[in-house]
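The primary structure of each chain is shown beneath.
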Amino acid sequence: MITRRSFVAASAGLAMSALAAIPGHAQETVKVGLILPMTGPFASTGRQVEAGVRTYMAMHGDTVAGKKIELVVRDDASTADQTRRIAQELVVNEGVNVLGGFGLTPLALAVAPVINQAKIPAVVMAAATSSITEQSDYYVRSSFTLPQASVPVGTWAAENGLKRVVTLVSDYGPGIDAETWFTKEFTAKGGEIVEAVRVPLQNPDFAPYLQRVRDADPDAIFVFLPSGVGSLFMKQFADRGLAEAGIKLIATGDVTDDDLLNDMGQPALGAITGHHYSAAHDSPENKAYVEAFKSAHNGMRPNFMSVGGYDGMHLIYAALEKTGGDATGEALIEAMKGLSWTSPRGPITIDPQTRDIVQNIYMREVKEADGELYNVEFATYEAVKDPAKAEASGQ
Ligand code: VNL
């Protein structure tokens, strides 16, 4: 006997399965949840990543494989507890298909339990400690790693007459990575580390450390500081007279961040850095990117964080195209592995084994052109894999 209640239940079930049978119907929209520091000391990173993502969507539209891409942006104020809480909320209440963003390493690491449970990809667009992508099979990276950027600086330093170097890094994941991998490469090629200084991530005062560096009288100082902190360092570097003392500044490009470089002024001139992106990179893809980015963002200059956002969005679009619009987590993460494309930074690939990015690292010098400061590229190390993982997998 068919009761009214069971009839209603049966037709509701039928309606549900009928909907599911229409290809893509229940999934017309693919939701991308971006979690970024939009306030606090690392707000410039949030602003740049979001602007890179939005520039990608402005240049490539908001429909992929028949799906409309919807962006949800949330501020975690650089607090890992918030990152995790927001990730949970985005998965449960918003039903996001992909997470992205993550301005600093501890913020990226905070979402591992969430993505493991939800089985959805987290595109690491900014954070850059090598080991992040090893903490879950659902991480994939569009930024860079510190070992990847630091080894070429070590090679360059050893091959260009620098013998005695002091290292100075922020005392957390990416800083330790930078110190470890620069040192490994530089000492293997005959260089000597005179002193290794680690400064706190929060509110660093460089003056006392810089006095010590000056006293040690090295040929150069190798520096890693997260994006946003370089201006203060540059000012104290100049105030302490290190350049006049003949101490050369070498660094990863985080220190001469394109967003802040013009404000650093004269003291930054001549700094030698290794990195994956410069606003001055000479390619048609980059010219188009810089122009679109600036015109949509009041003339703001894109930095390396912005291309992490831009390419992270490309990764999501290209994966959706490859799956024919299937936005389930497993399908997307599988589709992301091995993708290659030409970014504004140059050619890049997602290593299918590690889900980490393989890219060129450029050596650059800060120079003045048309009244502005730029990181001008002068040498290229091609298709650099994250060296920390190449070693782990015996490559
Ligand atoms: C990190 C690495 C953050 C490089 C950065 O800027 C950076 C990180 C905020 O992994 O925490 O430039």
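Residues numbered from 1 in each chain as written. Predicted model: local features only at pLDDT ≥ 70, side-chain atom pairs only at ≥ 80, totals over all residues. Heavy atoms only, no water.

**Student:** Just to check I follow, could you spell out the site of the ligand for this structure?
**Tutor:** Near the ligand lie 16 residues; those nearest to it are Thr-105, Ala-128, Tyr-172, Ser-227 and Asp-254. At 2.5 Å, a side-chain N or O of Thr-105 approaches an oxygen atom of the ligand. One nitrogen or oxygen atom from the side chain of Asp-254 is found 2.6 Å from an oxygen atom belonging to the ligand. Here the ligand loses 100% of its free accessible area of 320 Å² to cover by the protein chains. Partitioning the shell around the ligand into residue classes produces 10 nonpolar, five polar and one charged. (Near = heavy atom within 4 Å. Polar contact = N/O pair within 3.5 Å; in protein donor to acceptor, adjacent residues only side chain to side chain. Areas by Shrake-Rupley, 256 points an atom, 1.4 Å probe, with all protein chains shown as cover. Nonpolar A, V, L, I, M, F, W, Y, C, P; charged D, E, K, R; others polar.)

**Student:** I tried to follow helix α2 (residues 43–60) on my own but got confused; where do I start?
**Tutor:** In an α-helix, one full turn covers 3.6 residues, which means residues spaced three or four apart are oriented alike. When the terminal C-alpha atoms of α2 are compared, their 26 Å separation across 18 residues agrees well with the 26 Å that a helix rising 1.5 Å per residue should span. The element α2 is extensively covered by neighbouring structure, given that 13 of its 18 residues are classed as buried. (Helix = DSSP H or I, 4+ residues; strand = E, 2+ residues; numbered from the N terminus. Expected span 1.5 Å × (residues − 1). Buried < 20%, exposed > 50% of the residue type's maximum accessible area, 1.4 Å probe, protein only.)

**Student:** Explain the confidence of the model for the protein to me, please; I cannot follow it from the model alone.
**Tutor:** Low pLDDT means the predicted atomic positions in that stretch should not be read closely. Across the protein, pLDDT averages 93, with 92% of residues at or above 70. Considering only residues more than four positions removed or in separate chains, one finds that residues 1–25, a stretch of pLDDT under 50, has three contacts. (pLDDT = per-residue confidence, 0-100. Contact = heavy atoms within 4.5 Å.)

**Student:** How should the packing of aromatic side chains be read in this particular structure?
**Tutor:** Each aromatic ring pair is characterised by the separation of its centres together with the angle its planes make. Tallied over the full model, the rule gives 11 aromatic pairs. Between Tyr-56 and Tyr-317 the ring centres are 4.9 Å apart and the planes differ by 85 degrees, which places this aromatic pair in the edge-to-face class. Taken together, the residues span a long stretch of sequence, with Tyr-56 in helix α2 and Tyr-317 in helix α12 (residues 304–323) at a distance of 261 residues. Plain terms: the ring middles of Tyr-277 and Tyr-289 are 6.4 Å apart, the flat faces sit at 75 degrees to each other, and that makes the pair edge-to-face. Of this pair, Tyr-277 sits in the loop between β11 (272–275) and α11 (284–296) while Tyr-289 sits in helix α11, placing them 12 residues apart in sequence. Judged by relative accessible area, Tyr-289 falls into the buried class, the value being 0%. (Phe/Tyr/Trp six-rings, centres within 6.5 Å; stacked < 30°, edge-to-face > 60°.)

**Student:** Please explain helix α13 (residues 329–336) as it appears in this structure.
**Tutor:** Among the eight residues that make up α13, six are buried, leaving the element largely enclosed by the rest of the structure. Gly-329, Ala-331, Leu-332, Ile-333, Ala-335 and Met-336 are the residues of α13 that are buried. Against β4 (98–101), β5 (122–124), β6 (139–141), α12 and β13 (346–350) lie the buried residues of α13. Positive backbone phi, approximately 85 degrees, marks Gly-338, located one or two places after α13.

**Student:** I'm lost on the nonpolar core in this one. Help?
**Tutor:** In this structure, Leu-168, Ile-221, Phe-233, Ile-250 and Met-313 are the most contacted members of the largest nonpolar core, which totals 116 residues. It is α12 that provides the largest number of residues to this core, a total of 11 residues. Sequence-distant contacts of Met-313, that is, excluding residues within four places in its chain, are made with Val-32, Val-53, Tyr-56, Met-57, Ile-69, Leu-71 and Met-125. (Core = buried A, V, L, I, M, F, W, Y, C linked by side-chain atoms within 4.5 Å.)

**Student:** Which parts of the structure should I look at to understand the side chain of Thr-273?
**Tutor:** Its place among the elements puts Thr-273 in strand β11. When its relative accessible area of 0% is taken as the criterion, Thr-273 is described as buried. Those residues in contact with Thr-273 that lie beyond four places of it in its chain are Ala-251, Thr-252, Gly-253, Thr-256, Tyr-362, Met-363, Arg-364 and Asn-375.

**Student:** What is the right way to read the sheet that holds strand β2 (residues 63–64) from this model?
**Tutor:** Paired through backbone hydrogen bonds, the strands of a sheet run either parallel or antiparallel to each other. Spatial strand order, β2-β3-β1-β4-β5-β6: six strands in an open sheet with mixed pairing. The sheet terminates laterally at β2 and β6, the two strands that pair on one side only. (Pairing = 2+ DSSP bridges.)

**Student:** Would you take a moment to explain the packing of α2 against α12 for this structure?
**Tutor:** The packing of two helices is summarised by the inter-axis angle and the distance between the axes. Remark: α2 packs on α12, axes separated minimally by 7 Å, with the N-to-C direction vectors making an angle of 45 degrees. Between α2 and α12, the interaxial angle falls into the category oblique. Here the hand of the crossing between α2 and α12 comes out right-handed. Taken together, the residues of α12 that come into contact with α2 (itself represented by Thr-45, Gln-48, Val-49, Gly-52, Val-53, Thr-55, Tyr-56, Met-57, Met-59 and His-60) are Met-305, Ser-306, Gly-309, Tyr-310, Met-313, His-314 and Tyr-317. The class makeup of the residues in the contact of α2 with α12 is nine nonpolar, eight polar and no charged. (Axes fitted to C-alpha atoms, helices over the stretch in contact; angles between N-to-C directions. Parallel < 35°, antiparallel > 145°, perpendicular 65-115°, else oblique. Left-handed = near helix turned anticlockwise from the far one by under 90°.)

**Student:** Sorry, what's going on with the pairing of strand β10 (residues 248–252) here?
**Tutor:** Regular strands place their side chains on alternate faces of the sheet. A large share of β10 lies buried, amounting to four of its five residues. Where strand β9 (residues 220–224) lies against β10, four bridges are found, and the strand directions are parallel. Counterpart to Ala-220 in the pairing with β10 is Lys-248. One crossover worth recording links β9 to the parallel β10 by way of helix α9 (residues 230–239), and it is right-handed. In terms of strand pairing, β10 meets β11 through three bridges, oriented parallel. (Right-handed = clockwise from strand over helix to strand, strands pointing away.)

**Student:** Explanation requested: the packing of α12 against α13 in the structure shown.
**Tutor:** Interhelical geometry of α12 versus α13 gives an angle of 110 degrees and a closest axis separation of 8 Å. With respect to α13, the element α12 is oriented roughly perpendicular. Residues Leu-315, Ile-316, Ala-319, Leu-320, Lys-322 and Thr-323 of α12 form the contact with α13, whose own contacting residues are Ala-331, Leu-332, Glu-334, Ala-335 and Met-336. For the contact of α12 with α13, a count of residues per class yields eight nonpolar, one polar and two charged.

**Student:** Help me understand the environment of Gln-82, please; the structure alone is not making it clear to me.
**Tutor:** Relative to the assigned elements, Gln-82 resides in helix α3 (residues 80–92). Along the sequence, Gln-82 and His-60 sit 22 residues apart, while their C-alpha atoms lie 31 Å from each other. A polar contact of 2.7 Å, which involves the side chain of Gln-82, links it to the side chain of Arg-85.

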